[in-house]
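Next come the chains, spelled out residue by residue.
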Amino acid sequence: MDVAVSELLLAAVQPAQLELALVASQQAEAERQQLQRHWLERLEHARYEATLARRRYEQVDPDNRLVAAELERRWEEQLVAVRMVERAWTELQATAPLPLSSAEQAQIRRLAADLPALWHAPTTTNADRKRLLRCLIKTVTLDSFSQVGFTRIQVLWQTGAATG
């Protein structure tokens, strides 16, 4: 497996593959920005609804207790909805990968050009190789059940791309 994963790593960082990955990263960033706009619109809408519910509650005659209680309940529901949207948005932001700067992209291109030589250098230890793999690979899944006599290796990269 170590050899197979190493081959996948070196294939993934070839210049053509790397450029495709960087383009995919840019597309993912565009999708992330679109998703951000969507969530900010959801949040704005939830806040608007809560503000509207608060105004309705404040305008009710206090002597009309049943109506006031119902409007207060609706206001509370809207506040809960705002908190839920805020929490979901915060969680999404925490798990979303940060976009690569142009300096980081240039550094990746430089490192990728040197990686095969560095990988095979006699001075590179197995511990160094494993450390590098851990930086680039999120998970490796082995499937020996789908096809008898063969083991399928699937690599999930830190970028979210999958190979295998």
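A quick note: this is a predicted structure, and the numbers were derived from the prediction, not measured.

About the cut-offs
- Residues numbered from 1 in each chain as written.
- Predicted model: local features only at pLDDT ≥ 70, side-chain atom pairs only at ≥ 80, totals over all residues.
- Heavy atoms only, no water.
- Helix = DSSP H or I, 4+ residues; strand = E, 2+ residues; numbered from the N terminus.
- Rg over C-alpha atoms; globule rule 2.2 N^0.38 Å.
- Buried < 20%, exposed > 50% of the residue type's maximum accessible area, 1.4 Å probe, protein only.
- Contact = heavy atoms within 4.5 Å.
- Areas by Shrake-Rupley, 256 points an atom, 1.4 Å probe, with all protein chains shown as cover.
- Lys, Arg positive; Asp, Glu negative; His and termini not counted.
- Charge placed at Lys NZ, Arg CZ, Asp CG, Glu CD.
- Pairing = 2+ DSSP bridges.
- Salt bridge = Lys/Arg side-chain N within 4 Å of Asp/Glu carboxyl O.
- Expected span 1.5 Å × (residues − 1).
- Phe/Tyr/Trp six-rings, centres within 6.5 Å; stacked < 30°, edge-to-face > 60°.
- Lys NZ or Arg CZ within 6 Å of the ring centre and 35° of its normal.
- Core = buried A, V, L, I, M, F, W, Y, C linked by side-chain atoms within 4.5 Å.
- pLDDT = per-residue confidence, 0-100.

Draft legend 1. Fine view of the overall build of the protein chain. If you tally the helices and strands in the protein chain, you get 5 helices and 3 strands. Listing every helix and strand of the protein chain by position from the N terminus yields α-α-α-α-α-β-β-β. In summary, the protein chain has a C-alpha radius of gyration of 26 Å against a globular reference of 15 Å for 164 residues, an excess of more than 25%. Its C-alpha atoms give the protein chain principal-axis dimensions of roughly 85 × 45 × 25 Å. In the protein chain, which comprises 164 residues, the proportion classed as buried is 20%. Within the protein chain, contacts between residues separated by at least 24 positions form 51% of all contacts whose residues are at least 6 apart in sequence. Carbon and sulfur atoms make up 56% of the accessible area of the protein chain, which amounts to about 12200 Å² in all. Taking the average place of the 20 positive charges on the side chains of the protein chain and the average place of its 21 negative ones, the gap between the two points comes to 3 Å.

Draft legend 2. Structural detail: the sheet that holds strand β3 (residues 162–163). Strand order across the open sheet formed by 3 strands is β1-β2-β3, with antiparallel pairing between neighbours. On the outer flanks of this sheet lie β1 (137–143) and β3, each paired with one strand and no other. Pairing of strand β2 (residues 152–157) with β3, which is carried by 2 bridges, proceeds in the antiparallel orientation. Within β3, the position partnered with Val155 by the bridge is Thr163.

Draft legend 3. Expanded view of the pattern of salt bridges. For the structure on display, the rule yields 7 salt bridges. Of the charged contacts in the structure, one is a salt bridge between Arg54 and Glu58, with a shortest N-O distance of 3.1 Å. Of this pair, Arg54 and Glu58 both sit in helix α2 (residues 15–59), separated by 4 residues, roughly a single helical turn. Overlapping salt bridges, with partners in common, bring together Glu70, Arg73, Arg74 and Glu77 in one network.

Draft legend 4. Summary view of helix α3 (residues 65–95). The end-to-end C-alpha distance of α3 is 45 Å, a good match for the 45 Å that 31 residues give at a rise of 1.5 Å each. All buried positions along α3 are accounted for by Ala68, Leu71, Trp75, Val82, Val85 and Trp89.

Draft legend 5. Local environment of the environment of Arg109. Examined against the element boundaries, Arg109 turns out to sit in helix α4 (residues 102–120). With 21 residues separating them in the primary sequence, Arg109 and Lys130 have C-alpha atoms 21 Å apart.

Draft legend 6. Up close: the packing of aromatic side chains. As enumerated under the stated definition, the model contains 2 aromatic pairs in all. Between the aromatic rings of Trp39 and Trp89, the centroid separation amounts to 6.3 Å while the plane-to-plane angle is 20°, which identifies the pairing as stacked. Taken together, the residues Trp39 in helix α2 and Trp89 in helix α3 connect sequence positions 50 residues apart. Stacked on the ring of Trp39, the Lys or Arg Arg42 has its end atom at 4.4 Å from the ring centre.

Draft legend 7. Inspection of the nonpolar core at higher detail. Within the largest apolar cluster, 10 residues are counted, these being Val5, Leu9, Leu10, Leu115, Trp119, Leu133, Ile137, Ile153, Val155 and Trp157. Elements with a contribution of two residues or more to this core: α1 (2–12), α4 and β2. Filtering out sequence-adjacent residues up to four positions away, Ile137 remains in contact with Val5, Val155, Leu156, Trp157 and Gln158. Core analysis: the next-biggest nonpolar cluster, separate from the first, contains 7 residues, Leu43, Ala46, Ala50 and Val82 among them.

Draft legend 8. Fine view of the confidence of the model for the protein chain. On average, the protein chain scores 82 in pLDDT, and the residues at 70 or more come to 90%. When pLDDT is averaged over each element of the protein chain, α3 comes out on top at 93 and α1 at the bottom at 72.

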